[in-house]
Amino acid sequence: MTRIFLCTILALALSAPLAAKARGWKVVSDQSTLQFTASYQDEPFTGQFREFDATIIYDPDKLADASFDVSVKLASVDTQSRERDQTLTGGDFFETRKFPSARFVTTGFERRDDGSVYANGSLDLHGVKRPVSLKVDFKPTGGGATLDVHTTLKRLEFGLGSSDDWVDIGKDVPVHAHLVLH
């Protein structure tokens, strides 16, 4: 009897780390978006990045095991204006020939007093790596989930459009991603 009890305890102890891991999710690309809002001469416009990859490991009850790793192809920017898109990918802004992608990798998650969750990490954009926090809204939906993240980037901190030619462009850029996961 003692031997069966010890074997049961050992089996539970060995399986506990496996059960404690957060779930890995696959992003449904054609249903997911990565958007931003900017302004030119105080007139807002919306853009999105059509090509991005994300590795999402997340469970709101297991934040210590969660991680995000997101890469964005900057040349995939689409603001519904070909001229504006060419300007954004050019040498004065994203410089996509020199910096073809941006990457955000989490360093940890925190649950705040109000219950909201933030993903803290590092954004590497335009050759500049800076800390960024994303507000996370995760909603399970049957066998899948949706993940919405929000932040506001300060474009000048990443050296984007820093010449006098960009004075009419807003300095704060709200960013929102809506990911459908399964």
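Keep in mind the model is a prediction, meaning the values are calculated, not measured.

(A) Highlighting the pattern of salt bridges. For the structure on display, the rule yields eight salt bridges. Here R50 ties to D78 by a salt bridge, and the two come within 2.7 Å at their closest N and O atoms. Pair noted here: R50 is in the loop between β3 (43-49) and β4 (52-58) and D78 is in strand β6 (residues 77-78), with a separation of 28 residues, a long-range link. Take D78: its relative accessible area is 17%, and that puts it in the buried class. Note that R112 and E110 form a salt bridge whose closest N and O atoms lie 3.5 Å from each other. Of the residues examined, E110 reaches a relative accessible area of 32% and is grouped as partly exposed.

(B) View of the pairing of strand β7 (residues 101-111). Where strand β5 (residues 67-73) and β7 come together, five bridges link them in antiparallel fashion. Paired with D69 across the two strands is V105, which belongs to β7. Of the pairings in the sheet, the one linking β7 to strand β8 (residues 117-125) comprises eight bridges and is antiparallel in character. Residue V105 lies in a different strand from β8, and its bridge partner there is S122. Hairpin connection between β7 and β8: a loop of five residues separates the two successive antiparallel strands, and G115 in this loop has a positive phi of roughly 95 degrees.

(C) Local environment of the layout of surface pockets. Roughly 870 Å³ of volume is contained in the largest pocket. Surrounding the largest pocket, 45 residues form its lining, F36, F49, F94, V173 and V175 being those nearest its centre. Residue contributions to the lining of the largest pocket peak at six residues, all from strand β10 (residues 144-154). Partitioned by chemical class, the residues of the lining of the largest pocket number 34 nonpolar, four polar and seven charged. The space that makes up the second largest pocket amounts to roughly 180 Å³.

Conventions and cut-offs
Once a new chain begins, its residue numbering starts again from 1 and follows that chain's sequence as written. Where totals are concerned, whole chains, interfaces and linings use all residues; where local detail is concerned, this predicted model gives features only for residues with pLDDT of at least 70, and gives and counts side-chain atom pairs only at 80 or more. With hydrogens and water stripped out, all remaining heavy atoms of the structure feed into the side-chain values. A carboxyl oxygen of Asp or Glu within 4 Å of a side-chain nitrogen of Lys or Arg is what we treat as a salt bridge. Put simply, DSSP H or I for four residues or longer makes a helix, DSSP E for two residues or longer makes a strand, and each gets a number counted from the N terminus. Any residue under 20% of the maximum accessible area for its type is buried, any over 50% is exposed, and the rest in between are partly exposed; the area is computed with a 1.4 Å probe on protein chains only. Pairing between two strands is assigned when DSSP locates at least 2 bridges connecting them. Using a 1 Å grid laid over the protein atoms alone, points where a 1.4 Å probe fits but cannot get out form a cavity; open sets with protein on both sides within 12 Å along at least 5 of 7 lines form a pocket; any residue with an atom within 4 Å of a point counts as lining. Grid points are joined across faces, edges and corners, and a volume is the space filled by probe spheres set on the points. Residues are grouped as follows: Ala, Val, Leu, Ile, Met, Phe, Trp, Tyr, Cys and Pro are nonpolar; Asp, Glu, Lys and Arg are charged; every other residue, Gly included, is polar.

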